[in-house]
Amino acid sequence: MNLSYIINELGEDREQYFNAVSPPIMQASNFAFNTIDELSKAFADEMGTYLYSRGQNPTVDILRKKLAALDGAEDCLVFNNGAAATFAAVMANVKSGDHIVSVKDPYVWTKKAFDNIFSRFGVSTTYIEGKDLQEWQSATQANTVLYYLESPNSWEYGLQPLQEIADFAKTKNIITIIDNTYCTPIYQNVIEMGIDIAMQTATKYIGGHSDTLGGVLCGSHAMMRKIFESEYLTIGSGIQPFNAWAFIRGLRTLPARLERINHTTKTMVEFLSNHPKIEKIIFPFHPSFPQYELAKKQMKEAFGLVTIILKDKKRESIIRFCESLKAFLIAVSWGGHESLVIPRCAGIRKENYNPDSEKHRQIRLYF
Ligand SMILES: Cc1ncc(COP(=O)(O)O)c(C=O)c1O
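Treat the numbers as computed from the prediction; the structure is a model and nothing was measured.

Q: Teacher, can you tell me more about empty space enclosed by the protein here?
A: Using a probe with the size of a water molecule, rolled over the atoms, empty space left in the structure can be pinpointed. Counting across every chain of the model gives one cavity of 30 Å³ or more. In this model, the largest cavity occupies a volume close to 50 Å³. Residue lining of the largest cavity: L305, A331, S333, W334, L340, V341, I342, R364, L365 and Y366, and that is the complete set. Secondary structure elements with two or more residues in the lining of the largest cavity: strand 11 (339–343) and strand 12 (362–366). A per-class count over the lining of the largest cavity returns eight nonpolar, one polar and one charged.

Okay, structure coming up:
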């Protein structure tokens, strides 16, 4: 489907709301029916009706249609944030006694969900680098039901060969979920590669202005219905109409913003690569990146996040560097209009900082 059509037209029925170019925020918790028969039908199919906004809501629906199309997926659900989306996707597909194989360093709160919550209900997780199919095959057990991917992965941008993993998973009836936030569906179409559930936190690029949280799951109608009818309605972590409207607005400028971030990133990567005070740059489209070929094969672009390591190993020097940057804010998150810097050592106790650890010295920049 044409990108411009998706972001400007799809799902919008302007005649229903005075031909307003921007859709209304349907700030309603519930919807009335003319007859009891209509109400009964709504009870029977809450996903196909407006009954109560913990389920469906017209503003949220416009966003769902656009996001599903962007991913080339049959359907989509939008949550109050990315963590809630991930949690629901995993929860819907595991039961006590099941086993998950996950990339070693998924987003921190995803790992906490595996380690601190799912483990309490008898769901175990094996973590692997996951850079080649064989690792996934070796880690797979008779009770493995789910592969959790994140490609590129945080900080070091490790990749997984998505098509190969998806193909293998299908032969074993294992569900694949990926956190595709780094690339967005615009620059990495994971559904096309056979992944079952594409997750992204809309908080980053879809919103784009560092003012709204949201999380997206895309996949088949059947999978989205399964999640809707259990976790989505039960946990009640669906997005609110105003936030959905903010993401519809964010989508209007998404391609333009990504292009600009992409351009800035490339300029900065070139500058940083040649800088005498920088020891190493970690970026998927840099020729020094160990999985450069795979990155070029499965990603249309790499952009936004770049990790650098200074030659100067001292913690104080890293901190001085970060605090001296003029146009960068020191903050978590990314995908917004502002440039950001965050050193890995900010999350490491001062006494535990090891200047010989490359990891401890990493500084992540977002352009
Ligand atoms: C890669 C990645 N996945 C998921 C999340 C969670 O998204 P949210 O903050 O919207 O819950 C984040 C948040 O920073 C993230 O960076």
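Q: Is there a simple way to explain the nonpolar core in this structure?
A: Side chains of nonpolar character tend, in soluble globular proteins, to be buried together. With 83 residues, the main nonpolar core has L67, Y182 and I308 as its most contacted residues. Of the residues forming this core, the biggest block, seven residues, is contributed by helix 3 (residues 58–71). Setting aside anything within four residues of it in sequence, one finds Y182 in contact with P152, Y157, Y205, F283, P284, M299, A302, F303, L305 and W334.

Q: How should I be thinking about the domain arrangement of the protein chain in this particular structure?
A: Here the domain parsing of the protein chain yields domain 1 (3–252) and domain 2 (254–366). Each of domain 1 and domain 2 has a C-alpha centre, and these two points are 27 Å apart. Across the boundary between the two partners, domain 1 contributes 37 residues, which contact 38 residues of domain 2. In total, about 3,100 Å² of surface goes out of reach between domain 1 and domain 2, with carbon and sulfur atoms giving 59% of it. Ranking the residues of domain 1 by area buried against domain 2 places W155, Y187 and Y205 at the top, with a combined share of 32%. Here domain 1 and domain 2 share two salt bridges between them.

Q: Help me out: how do you make sense of the site of the ligand in this one?
A: Taken together, N81, G82, A83, Y107, D179, T201, T203, K204, G214 and W334 make up all the residues around the ligand. A distance of 2.7 Å separates an oxygen atom of the ligand from a polar atom in the side chain of K204. A distance of 3.3 Å separates an oxygen atom of the ligand from a polar side-chain atom of W334. For the ligand, the protein covers 89% of the area, taking 390 Å² as the surface of the free molecule. Taken atom by atom, the bulk of the ligand overlaps the largest pocket. A per-class count over the shell around the ligand returns three nonpolar, five polar and two charged.

Q: Any chance you could explain unusual backbone geometry here in plain terms?
A: Where the residue is not glycine, phi is negative for most of them; where a peptide bond is considered, it is trans in most cases. The omega torsion of the bond from S151 to P152 falls at -5°, within 30 degrees of zero and hence cis. For P152, the position within the fold is in the loop between strand 4 (144–150) and helix 7 (162–171). Non-glycine residue F18 carries a positive phi angle of around 60°. With respect to the helices and strands, F18 occurs in the loop between helix 1 (3–8) and helix 2 (36–44). A positive phi angle, close to 55°, is found at S210, a residue other than glycine. Inspection of the secondary structure assignment puts S210 in the loop between strand 6 (197–201) and strand 7 (215–219).

Q: Teacher, can you tell me more about the pattern of salt bridges here?
A: Pairing between side chains becomes possible if they bear opposite charge and their charged atoms approach one another. By the definition in use, this model includes 23 salt bridges. Residue E12 pairs with K66 through a salt bridge whose shortest N-O separation is 2.6 Å. Note that E12 is positioned in the loop between helix 1 and helix 2 and K66 in helix 3, a separation of 54 residues in sequence. Residue classification places E12 among the buried positions, given a relative accessible area of 12%. The class of K66 is buried, set by a relative accessible area of 0%. As a salt-bridge pair, R64 and D61 come within 2.7 Å of each other at their nearest N and O atoms. Linking R64 with D61, this pair stays in helix 3, spanning three residues, or about one helical turn. Each member of the pair, R64 as well as D61, carries the same accessibility label: buried. One continuous salt-bridge network, built from bridges that share partners, spans E9, E12, R14, K66 and R252.

Calculation criteria
Within each chain, residue numbers correspond to sequence positions counted from 1 in written order. Reporting in this predicted model follows two pLDDT cut-offs: at least 70 for local features of residues, and 80 or more for side-chain atom pairs to be given and counted; totals over whole chains, interfaces and linings ignore these cut-offs and use all residues. To obtain the side-chain values, all non-hydrogen atoms of the structure were included, while hydrogens and water were left out. Space inside and on the surface of the protein is sampled on a 1 Å grid over the protein atoms alone, with a cavity defined as a set of points where a 1.4 Å probe fits but cannot get out and a pocket as an open set with protein on both sides within 12 Å along at least 5 of 7 lines; lining residues have an atom within 4 Å of a point. Grid points are joined across faces, edges and corners, and a volume is the space filled by probe spheres set on the points. Segments assigned H or I by DSSP are reported as helices when at least four residues long, segments assigned E as strands when at least two residues long, and all are numbered from the N terminus. Any residue that is not Ala, Val, Leu, Ile, Met, Phe, Trp, Tyr, Cys, Pro, Asp, Glu, Lys or Arg is counted as polar, Gly included; the first ten are nonpolar and the last four charged. Side-chain atoms within 4.5 Å link the members of a nonpolar core, which is a set of buried Ala, Val, Leu, Ile, Met, Phe, Trp, Tyr and Cys residues. Burial here depends on accessible area, computed with a 1.4 Å probe over protein chains only, as a share of the maximum for the residue type. Under 20% is buried, over 50% is exposed, and the range in between is partly exposed. Should any heavy atoms of two residues lie within 4.5 Å, those residues are counted as being in contact. Note that the domain bounds reflect an automated or database-derived domain assignment. Each of two parts loses accessible area, computed with a 1.4 Å probe, when they are put together; buried area is these two losses added. Here a salt bridge means any side-chain nitrogen of Lys or Arg lying within 4 Å of a carboxyl oxygen belonging to Asp or Glu. It suffices for a single heavy atom of a residue to lie within 4 Å of a molecule or strand for the residue to be listed as near it. Polar contact criterion, stated in full: a pair of N or O atoms within 3.5 Å, where within protein one must be able to donate a hydrogen and the other to accept it, and residues adjacent in sequence count only if both atoms are side-chain atoms. Per-residue accessibility takes into account occlusion by the displayed protein chains alone, with areas from the Shrake-Rupley method and a 1.4 Å probe. Throughout, a molecule is located in a cavity or pocket provided that more than half of its atoms lie within 2 Å of its grid points.

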